[in-house]
Amino acid sequence: MYYYRLGNIPPKRHTQFRQPDGSLYKEELVSSEGFSGIYSNLYHTYPPTRIKAIKDPVKYGPTRINDYALRQTHLNTSKVATTGDDYLNARKVLLTNADCSISICAPRQRKMDYFYKNAEGDEVLYIHDGKGTLISPFGKLDLRQGDYIVIPRTVIYKLEFEEGPLRLLIIESSSPIETVKRYRNQLGQLMEHSPYCERDIRPPHELVTDTRPGEYLLQIKKQGYLHQYIYDYSPLDLVGWDGFLWPYAFSIHDFEPITGRIHQPPPVHQTFQAHNFVICSFVPRLFDYHPQAIPAPYNHSNIDSDEVLYYAEGNFMSRRGIERGSFTLHPGGLPHGPHPGTVEKSIGAKETHELAVMIDTFRPLFLTSDSLEFLDANYPMSWTDPASGPFHEVNTP
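Residues numbered from 1 in each chain as written. Predicted model: local features only at pLDDT ≥ 70, side-chain atom pairs only at ≥ 80, totals over all residues. Heavy atoms only, no water.

1. Focus: the pairing of strand β21 (residues 277–282)
Of all 6 residues that make up β21, 6 are buried, and the element is covered over most of its length. Of the two faces of β21, the one lined by Phe-277, Ile-279 and Ser-281 and the one lined by Val-278, Cys-280 and Phe-282 are each fully buried. With 4 bridges joining them, strand β20 (residues 270–274) and β21 adopt antiparallel strand pairing. Within β21, the residue paired with Phe-272 across the bridge is Ile-279. (Buried < 20%, exposed > 50% of the residue type's maximum accessible area, 1.4 Å probe, protein only. Helix = DSSP H or I, 4+ residues; strand = E, 2+ residues; numbered from the N terminus. Pairing = 2+ DSSP bridges.)

Shown next as structure tokens:
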């Protein structure tokens, strides 16, 4: 990330910065990896430590399935209109391990009447459908279809969405979500060969300062619970902040694909990195231009990773219900690849107009109890049924 500032701040850190009435603004350092990672300095009107009440915690989190057999898996969430009333109870974790979790979220309610903080994970919200605003102490951040919204852990926020279709893919990470290391120079600037640059990253653009007294509920997710904190002043009491730690937006439509004469492997699509998993973006692009090229992906055996693909846009010519909003999981230990008829059909194709988000993990993923209603039991046999016709996937490795 890069340095950014919004609002009013003193000329030097940890020095006197006074309000119009002569009292001090309350400085807060929000730092990562102790004091070794990125950080920001926030300037509050009221102490961020001041609590009015603490209510009983509420159990929150998925139920993991530990005895699910090793198999290729299709979770068809394409027909889901809503997954719950509220943003938090609508977050349905489908796949999880110690490093990350993958959820869908389609709430009926368009505004949150509370604030939320994930105290144990960075979050990436992919806006599959919808338009709205993320409101945090760092300011307003516009949300558009196709955006990745990266929210560092402990950032307090609420969401407001406009009426219309609303569907989110949410990836939660136990480690920091970062831009890809090989795209950056020694000072952290994105280099010329990177498929995106700092111009494509949208920071919060308007500070919201609310100093009105009242009762403000903050729900904090940690260790399997939502902890209920009541404050007598809003978390939006900042007059300014600066630093490298802040929520931001990056559109999948601004990812510039890397192509070649022959089929390129999935790392060329990498968009973000974290510990033990990566996030990739498959976007519209020209296919391979070698005269003997085969655009369809080759068969591939994962020896140390699970591969999840979320199908976002495009015509997948599905025969097993692979549609807009479907997930496939191709686990380590099994080969996977193009379905019958796909390879020959792809020869001569010049381009693709499909969109997909891929998550590759280096520890096995587990299905959850919430995933079972979407399970396509016939998917593991779909490579051996030529009668079902050709099948197309978004450049799955």
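2. Brief notes about empty space enclosed by the protein
Taken as a whole and assessed by the stated rule, the structure comprises 3 cavities of 30 Å³ or more. A volume near 50 Å³ is recorded for the second largest cavity. Along its surface, the second largest cavity is lined by Asp-86, Tyr-87, Pro-107, Gln-109, Arg-110, Lys-111, Met-112, Leu-159, Phe-161 and Leu-166. Of the residues that constitute the lining of the second largest cavity, the class distribution is 6 nonpolar, 1 polar and 3 charged. (1 Å grid on protein atoms, 1.4 Å probe; cavity = no way out; pocket = protein on both sides within 12 Å on 5 of 7 lines; lining within 4 Å. Points joined across faces, edges and corners; volume = space filled by probe spheres on them. Nonpolar A, V, L, I, M, F, W, Y, C, P; charged D, E, K, R; others polar.)

3. Some remarks on the packing of aromatic side chains
Geometry of an aromatic ring pair is reported as the spacing of the ring centres plus the angle between the planes. The final tally for this structure, using the stated rule, is 22 aromatic pairs. With a centroid separation of 4.7 Å and an interplanar angle of 40°, the aromatic rings of Phe-17 and Tyr-25 are classed as tilted. Look at Tyr-25 and you get buried, because its relative accessible area is 17%. For the pair Tyr-87 and Tyr-116, a centre-to-centre distance of 6.3 Å together with 75° between the ring planes defines the contact as edge-to-face. Taken together, the residues Tyr-87 in the loop between β5 (73–76) and β6 (91–96) and Tyr-116 in strand β8 (residues 115–118) connect sequence positions 29 residues apart. Exposure class is identical for Tyr-87 and Tyr-116. Each is buried. Taken together, the aromatic side chains of Tyr-126, Tyr-148, Tyr-183, Tyr-196, Phe-250, Phe-255 and Phe-272 make up a single cluster linked through ring pairs. (Phe/Tyr/Trp six-rings, centres within 6.5 Å; stacked < 30°, edge-to-face > 60°.)

4. Side note on the side chain of Arg-91
By the element assignment, Arg-91 lies in strand β6. A polar contact of 3.0 Å, which involves the side chain of Arg-91, links it to the side chain of Glu-123. When neighbours within four sequence positions are excluded, Arg-91 is seen to be in contact with Tyr-60, Ile-104, Cys-105, Tyr-116, Glu-123, Tyr-157, Ile-170 and Glu-172. (Polar contact = N/O pair within 3.5 Å; in protein donor to acceptor, adjacent residues only side chain to side chain. Contact = heavy atoms within 4.5 Å.)

5. Structural notes on the pairing of strand β28 (residues 355–361)
One face of the sheet, then the other: side chains in a regular strand alternate in exactly this way. For β28, the buried fraction is high: 7 of the 7 residues fall into the buried class. As defined by bridge partners, β21 adjoins β28 across 6 bridges and the pair is classed as antiparallel. The residue bridging Cys-280 from the neighbouring strand is Met-358, located in β28. The pairing of strand β24 (residues 306–313) with β28 spans 7 bridges and is antiparallel. Each bridged residue has a counterpart across the sheet, and for Val-308 the counterpart in β28 is Ile-359.

6. What about the nonpolar core?
In terms of nonpolar packing, the biggest core is built from 72 residues, with Tyr-87 and Ile-279 touching the most fellow members. What Tyr-87 contacts, discounting residues up to four positions off in sequence, is Cys-105, Pro-107, Met-112, Tyr-114, Tyr-116, Glu-123, Leu-125, Tyr-157, Leu-159, Leu-168 and Ile-170. (Core = buried A, V, L, I, M, F, W, Y, C linked by side-chain atoms within 4.5 Å.)

7. Some thoughts on the pattern of salt bridges
Two side chains bearing opposite charge may form a pair once their charged atoms approach each other closely. The full count for this structure, using the stated rule, is 14 salt bridges. Put simply, Asp-122 and Arg-153 hold a salt bridge, and the shortest N to O gap is 2.8 Å. Note that Asp-122 is positioned in strand β9 (residues 122–129) and Arg-153 in the loop between β12 (147–151) and β13 (156–161), a separation of 31 residues in sequence. Given the relative accessible area of 22%, Arg-153 is considered partly exposed. (Salt bridge = Lys/Arg side-chain N within 4 Å of Asp/Glu carboxyl O.)

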